[in-house]
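Residue-level structure breakdown
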Amino acid sequence: MTRGAFIVIEGLDRSGKSTQAAALLARLHAEGIPAALHKFPDRTTPIGQMIDAYLRSEAELDDRAVHLLFSANRWELAAQLNATLAAGTTVLCDRYAFSGAVFSTSKGLPAAWCRAPDAGLPAPDLTLFLDIAPEHARARGGYGAERYENEAMQARVRELFARMGESGDAGMWVTVDAGQAQDAVARDVWTAFEPFARGVEGKVGQLW
Ligand code: T5A
Ligand code: NA
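The following refers to the structure shown. (Residues numbered from 1 in each chain as written. Chains lettered and ligands numbered in written order. Predicted model: local features only at pLDDT ≥ 70, side-chain atom pairs only at ≥ 80, totals over all residues. Heavy atoms only, no water.)

**Description of the environment of Glu58**
The residue Glu58 is located in the loop between α2 (46–55) and α3 (63–86) in this model. In this structure Glu58 comes out as exposed when scored by relative accessible area, which is 55%. Within polar-contact distance, the side chain of Glu58 engages the side chain of Arg56 at 2.7 Å. (Helix = DSSP H or I, 4+ residues; strand = E, 2+ residues; numbered from the N terminus. Buried < 20%, exposed > 50% of the residue type's maximum accessible area, 1.4 Å probe, protein only. Polar contact = N/O pair within 3.5 Å; in protein donor to acceptor, adjacent residues only side chain to side chain.)

**A few points about the nonpolar core**
Counting residues in each nonpolar core, the largest one holds 58 residues, and the members touching the most others are Tyr96 and Phe161. With seven residues, α3 is the single largest residue contributor to this core. Among all residues touching Phe161, those that are not within four sequence positions of it are Glu10, Gly11, Leu12, Phe98, Ser99, Val102, Phe103, Phe129 and Trp173. (Core = buried A, V, L, I, M, F, W, Y, C linked by side-chain atoms within 4.5 Å. Contact = heavy atoms within 4.5 Å.)

**Notes on the side chain of Thr89**
Following the sequence through the fold, Thr89 ends up in the loop between α3 and β4 (90–94). Classification of Thr89 as buried rests on a relative accessible area of 17%. Ignoring anything within four residues of it in the chain, the contact list for Thr89 reads Gly4, Ala5, Pro34, Ala35, Ala36 and Thr84.

Structural data, given as structure tokens:
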């Protein structure tokens with residue numbers, strides 16, 4: 001049976017993930033492909049509100065505690081995500097477990113510990129990594145408003161994302177040059193997505 005494709009969009013802060021996720025969703029709808037978009041962290045749930053307060057520096061949380069909240073924020077949507085895919089709808093996720101592992105590891109937590117809570121989550125069929133130099137991302141404005149939005153952290157995150165893609169644990173991983181103009185990025189995103197446009201055969205995988 002054909003199911004929907006599970007596509008994750010990852011990248012540094014300000015790399016254009018939300019912009020590209022919205023553009024891809026609009027194109028899918030225009031082409032008559034059923035599709036839904038989720039964003040992590042999902043700041044609308046009670047867990048997401050705790051994460052939001054932490055990111056805006058309105059609350060302090062232990063590094064491990066907030067890591068587990070980010071993971072729980074994915075788990076609370078996992079069953080719905082599987083059901084949506086099974087119903088034949090393509091799911092786009094703006095950030096996912098790769099952000100979870102990479103950001104907390106960048107803070108100094110052990111990599112294996114960081115990955116453990118996300119083990120068993122639905123695995124994407126394709127991850128699009130929007131790659132941009134931190135100094136280029138910063139020039140887009142708004143940088144510095146939230147925790148982690150500083151160049152030293154972003155440089156570590158970029159390095160760890162690159163290693164994640166090379167490790168093979170992340171499944172199919174395509175790096176897109178997010179420093180280009182918006183429509184050039186969208187064109188590269190579509191080229192990578194196109195093989196999945198008619199859905200996917202077989203079960204959804206599991207991390208990691
Ligand atoms: N995090 C997240 C964890 O630590 N653990 C986890 O498990 C998860 C899921 C918040 C933080 O949480 C961390 C990672 C983050 O530090 P978030 O809510 O996704 O995560 O916040 P950001 O990634 O910071 O979201 P941004 O909105 O900043 O970045 P986007 O979505 O990458 O960028 P976007 O599309 O909003 O664009 C940013 C600006 O650039 C312009 C846009 O118009 C906008 O002004 N722009 C371009 N300009 C020029 N050329 C282009 N090609 C452009 N594309 C977009
Ligand atoms: Na965003």
